[in-house]
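Coordinate inspection notes
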Amino acid sequence: MTVLVLGGSSQIGHFLLPRLLDRGELVIALSRHPPANAPSSAQWRLGQLPYAVPALPPLSAIISFGPLLALAQWLADNPLIGAPRVIATSSMSAETKRDSSVPVEREISRQLRDGETALAAACARHGCSWTVLRPTLIYGAGKDKSLTPMAHRAMRYRLFPLPSGRGLRQPVHADDIAQAVIAALDCPASGGRILSIGGGERLTAGEMFARVHRSLPCATLPLPLPAWLLRLGRHGLPRLRGPLHRLDADLIADNGELQRLLGINPRPFRPDASVWMPTRR
C-alpha cells in the first residue's frame, strides 16, 4: 500500500508511522513542520491542507489527523486516481460541546460535525470508503494541549491544582488510536461509520487529575480546589466557564462498536512520567 498520512508529526502520527512502516507500507507523511529526526523510511513532504499539498503518486489510503473541513475541501478540489481508503479523526467534542453554555464551544462542535458531513460527501464523489474516529481526551506523546501542559506547569512550579470534578472522564492513549487506524485499514465493514474511541477506563475528573499528579517524576504540592471556588471561577473567569462547567459533566465514549468492528480494547488510564515528555521522533 501507498499511504498518505496528513499530520504525521502529530501525537497520533508519532505512534502510527512506525506501525505502518513495520507492515511494509510505503508511507508519505505530510506536515507543516517535518520533525528533524523522523523515521527515515517515511517520505516526508512539506505541505498543508487544503491548498498547499504537493504532487502525490496514486494512493491506497489517506489518513488525516488535521481539520476535517480542510481535508474535505482538498478532496473535493483534487482528482484522485482510484478510490483510496480515507480514515480521519474528529473529536468527541462534536457531541459533548453541542449544548455548551459557551458560544465558542458550540461553534467548535458545529464545525466538527460539519467537517464530518463534508468529508463523507467528498468521499462519496470519489467513490472512497471512509471512517471517522471520534476520540475523547488524548494523551501519551507529550504533545496534547490539556493534561501535558498541566503536568509541565506542576513540574515547573512544584504546585499541582486539583479540581474536585465529579464528571466521568475516559482519556485515550494516542497509540490506541493509532492501532484503531491500522485496524480500520484492514476492516471494510468500518466504512461509512463514525466510531467513538475512549480509553479503557472511566474515572472522575478529580481522580484523573490525581493520577496525573501521582505520575510526575518530581515532588509537587497538591492544591485542592473546592467546589465553591470552582463555582466562583465560572462567573469571574469567562475564559474558563466552559472547562469549569464540564468538570461535573460526563465526557465519555461508547467503545462497543469500536470493539465489535475493529477488535480494539484501549488501555486504562495508568500514566507514568514518560507520557508527559515531548517525543523524540
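This write-up is about the structure you can find in this document. (Residues numbered from 1 in each chain as written. Predicted model: local features only at pLDDT ≥ 70, side-chain atom pairs only at ≥ 80, totals over all residues. Heavy atoms only, no water.)

In terms of helices and strands, the chain carries 10 helices and 13 strands. Relative to its length of 281 residues, the chain is compact, with a C-alpha radius of gyration of 19 Å against a globular reference of 19 Å. Counting only C-alpha atoms and orienting by the principal axes, one finds that the chain spans roughly 60 × 40 × 35 Å. Buried residues in the chain amount to 51% of all 281 residues. (Helix = DSSP H or I, 4+ residues; strand = E, 2+ residues; numbered from the N terminus. Rg over C-alpha atoms; globule rule 2.2 N^0.38 Å. Buried < 20%, exposed > 50% of the residue type's maximum accessible area, 1.4 Å probe, protein only.)

Note on placement: His213 falls in helix 7 (residues 205–215). Residue His213 is classed as buried on the basis of its relative accessible area, which comes to 17%. Residue contacts for His213: discarding those within four places in its chain leaves Phe160, Leu162, Thr220, Leu221 and Pro222. (Contact = heavy atoms within 4.5 Å.)

A side chain with one charge can pair with a side chain of the opposite charge if their charged atoms come near. Considering all chains together, one arrives at 18 salt bridges under this definition. The salt bridge involving Glu107 is made with Arg110; its shortest N-O contact spans 2.4 Å. One end of the pair, Glu107, and the other, Arg110, are both in helix 4 (residues 103–126), 3 residues apart, so they sit about a helical turn from each other. Residue classification places Arg110 among the partly exposed positions, given a relative accessible area of 36%. (Salt bridge = Lys/Arg side-chain N within 4 Å of Asp/Glu carboxyl O.)

This paragraph deals with the sheet that holds strand 4 (residues 61–64). Read across the sheet, 7 strands follow the order 3-2-1-4-5-6-11 without closing on themselves; strand pairing throughout is parallel. The two strands at the open ends of the sheet, each matched to only one other strand, are strand 3 (43–46) and strand 11 (193–197). Sheet twist, expressed as the mean angle between neighbouring strand axes with direction ignored, is 20°. As paired strands, strand 5 (residues 85–89) and strand 6 (residues 130–135) are joined by 4 bridges and run parallel to one another. (Pairing = 2+ DSSP bridges. Axes fitted to C-alpha atoms, helices over the stretch in contact; angles between N-to-C directions.)

Taken as a whole and assessed by the stated rule, the structure comprises 2 aromatic pairs. Ring geometry for Tyr139 against Trp276: centres 6.4 Å apart, planes inclined by 40°, an arrangement best described as tilted. Remark: Trp276 occurs in the segment after helix 10 (256–262) and Tyr139 occurs in strand 7 (residues 138–139); sequence separation between them is 137 residues. (Phe/Tyr/Trp six-rings, centres within 6.5 Å; stacked < 30°, edge-to-face > 60°.)

Since there are 3.6 residues in each turn of an α-helix, residues three or four apart along the chain are aligned in direction. Three or more residues of helix 2 (residues 68–77) are buried, namely Leu68, Ala70, Leu71, Ala72, Trp74 and Leu75. For helix 2, the elements touching its buried residues are strand 1 (2–6), strand 4, strand 5 and helix 4.

What follows covers the nonpolar core. Of all hydrophobic cores here, the largest spans 35 residues; its most connected members are Val5, Leu16, Leu20, Ile63, Leu133 and Leu262. The set of elements that each furnish at least two residues to this core consists of strand 1, helix 1 (11–22), strand 2 (26–31), strand 4, helix 6 (174–185), strand 11 and helix 10. Element by element, the count of residues in this core is highest for helix 6, at 9 residues. Sequence-distant contacts of Leu20, that is, excluding residues within four places in its chain, are made with Val3, Val5, Glu25, Val27, Ile63, Ile182 and Leu185. (Core = buried A, V, L, I, M, F, W, Y, C linked by side-chain atoms within 4.5 Å.)

Let us now look at the environment of Gly199. Following the sequence through the fold, Gly199 ends up in the loop between strand 11 and strand 12 (203–204). For the pair formed by Gly199 and Ala249, sequence separation is 50 residues and the distance between their alpha carbons is 17 Å.

Along the chain, Glu201 falls in the loop between strand 11 and strand 12. There is a polar contact of 3.2 Å between the side chain of Glu201 and the backbone nitrogen of Phe269. A distance of 2.5 Å separates a polar atom in the side chain of Glu201 from a polar atom in the side chain of Arg270. Contact partners of Glu201, with chain neighbours within four places excluded, come to Arg169, Gln170, Pro171, Arg211, Pro268, Phe269 and Arg270. (Polar contact = N/O pair within 3.5 Å; in protein donor to acceptor, adjacent residues only side chain to side chain.)

Where helix 2 meets helix 4, the closest approach of the two axes is 8 Å, and the angle between their N-to-C directions is 20°. By the angle between their directions, the pair helix 2 and helix 4 is classed as roughly parallel. Seen from above, helix 2 lies across helix 4 with left-handed handedness. Here helix 2 contributes Leu68, Leu69, Leu71, Ala72, Leu75 and Ala76 to the contact with helix 4, which in turn contributes Gln111, Leu112, Asp114, Gly115, Glu116, Ala118, Leu119, Ala122, Cys123, Arg125 and His126. The residue makeup of the contact of helix 2 with helix 4, split by class, is 11 nonpolar, 3 polar and 3 charged. (Parallel < 35°, antiparallel > 145°, perpendicular 65-115°, else oblique. Left-handed = near helix turned anticlockwise from the far one by under 90°. Nonpolar A, V, L, I, M, F, W, Y, C, P; charged D, E, K, R; others polar.)

Now for the environment of Ser41. With respect to the element layout, Ser41 can be found in the loop between strand 2 and strand 3. Remark: the alpha-carbon pair of Ser41 and Pro18, spanning 23 residues in sequence, is separated by 9.1 Å.

Where helix 5 (residues 147–157) contacts helix 7, the two axes come as close as 10 Å, and the packing angle between them is 50°. One element, helix 5, and the other, helix 7, form an angle in the oblique class. As for the relative orientation of helix 5 and helix 7, their crossing is right-handed in sense. From helix 5, Leu147, Met150 and Ala151 reach across to helix 7, where they touch Met208, Phe209 and Val212. Each residue belonging to the contact of helix 5 with helix 7 can be placed in one class, and the counts come to 6 nonpolar, no polar and no charged.

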